Amino acid sequence: MLKSAKKLKEKGKGAKKAFIFTTDAFLVLPLVILVISSFVSFSVTIRETVVMQEYAYLIGRDSLQYLSEISGTEAGIATSSRSALEYIIVQIANNDLVGARNSITSILGRSIPPSVGYVFEYYDQSSATWVQVIQGGNALKTSNPKFQVTASKVVTALTDPVTNQFSSCAAAVTCTNPPSTRYVAGKVFGPTYVRLRIFI
């Protein structure tokens, strides 16, 4: 009898200990869940930031690459075999910023998503500063961006050579104009450092 009473008493003590352990576990469980959920949400935020920065950089890099690969004729901004970016650099070098803005807008307006803001700039070596050519796209993103990424490129541009035509070529060459005045060589501009800042 005594042995069975002792066993029951020990079982009761064990049950109390088990109950106390279970209560502690229930108190700690919300803290564990909070720590795990905070870690997961923090990881997702970091991943989202990385993805958005990569997306913005790809837009900038691909846009500059597109400008350097498409010809002025294909872009519809000039009758020239030069790339659109070279043509824009020549416009900037000739202080034709209005023409450069129009060229950039007509090309990047088709290739950059409307939800993205952008700023096209070139580096002026004489003043050692970046000069803004145009700010375009979504103005709200440009003024208050969540992410800003810069893509840059070095460009050297060569203008097309020109041959002057005369109404009477034979008379002009032999009599009034030496042959050298009929040919105007192309001019080299650059290297020019340009950058495209993307705002998302």
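Residues numbered from 1 in each chain as written. Predicted model: local features only at pLDDT ≥ 70, side-chain atom pairs only at ≥ 80, totals over all residues. Heavy atoms only, no water.

Asker: Can you tell me about the overall build of the protein chain, naming the residues and giving the values?
Answerer: Looking only at helices and strands, the protein chain features six helices and six strands. Ordered by position in the sequence, the α and β elements of the protein chain form the string α-α-α-α-β-β-α-β-β-α-β-β. Within the span of the protein chain, comprising 200 residues, buried residues form 29% of the whole. Summed over its atoms, the accessible surface of the protein chain is roughly 13,100 Å², and 62% of this surface lies on carbon and sulfur atoms. (Helix = DSSP H or I, 4+ residues; strand = E, 2+ residues; numbered from the N terminus. Buried < 20%, exposed > 50% of the residue type's maximum accessible area, 1.4 Å probe, protein only. Areas by Shrake-Rupley, 256 points an atom, 1.4 Å probe, with all protein chains shown as cover.)

Asker: Lay out the pattern of salt bridges with the relevant residues and their values.
Answerer: The tally for this structure, following the rule as stated, stands at three salt bridges. A salt bridge links Asp62 to Arg61; the nearest nitrogen and oxygen atoms lie 3.3 Å apart. On the basis of relative accessibility, which here comes to 41%, the residue Asp62 falls in the partly exposed class. Residues Arg197 and Glu121 are paired through a salt bridge, measuring 3.2 Å at the closest nitrogen-oxygen approach. Note that Arg197 is positioned in strand E6 (residues 188–199) and Glu121 in strand E1 (residues 117–124), a separation of 76 residues in sequence. Residue Arg197 is classed as buried on the basis of its relative accessible area, which comes to 18%. Note on Glu121: relative accessible area 5%, which makes it buried. Because the salt bridges share partners, they merge into one network encompassing Glu121, Arg195 and Arg197. (Salt bridge = Lys/Arg side-chain N within 4 Å of Asp/Glu carboxyl O.)

Asker: How would you summarise the packing of aromatic side chains if you had to cite specific residues and measurements?
Answerer: Counting across every chain of the model gives two aromatic pairs. With a centroid separation of 5.1 Å and an interplanar angle of 50°, the aromatic rings of Trp130 and Tyr193 are classed as tilted. Pair noted here: Trp130 is in strand E2 (residues 129–137) and Tyr193 is in strand E6, with a separation of 63 residues, a long-range link. Looking at Trp130, the relative accessible area reads 27%, which means it is partly exposed. (Phe/Tyr/Trp six-rings, centres within 6.5 Å; stacked < 30°, edge-to-face > 60°.)

Asker: Got a sec to walk through a nonpolar patch on the surface? Specific residues and values, please.
Answerer: A contiguous nonpolar surface patch, about 360 Å² in accessible area, is contributed by Leu27, Val28, Val32 and Ile36. Tracing the backbone through its elements, the reader meets Val28 in helix H1 (residues 2–69). (Patch = residues over 30% accessible without salt bridge, like charges linked within 9 Å, V, L, I, M, F, W, Y side chains within 5 Å.)

Asker: Can you lay out the sheet that holds E2 for me, pointing to particular residues and giving the numbers?
Answerer: Here we have four strands laid out as an open sheet, ordered E2-E1-E6-E3, and antiparallel in their pairing. Taken across any chain shown, the strands that pair with only one partner, and hence form the sheet edges, are E2 and strand E3 (148–158). Averaged over all neighbouring strand pairs, the angle between strand axes comes to 25°, with direction disregarded. Of the strand pairs in this sheet, E1 and E6 are connected by six bridges, and their pairing is antiparallel. In the strand pairing of E6, Val119 is matched with Arg197. The strands that helix H3 (residues 84–93) touches are E1, E2, E3 and E6; relative to E3, the one it contacts most, it runs at about 80°. (Pairing = 2+ DSSP bridges. Axes fitted to C-alpha atoms, helices over the stretch in contact; angles between N-to-C directions. Contact = heavy atoms within 4.5 Å.)

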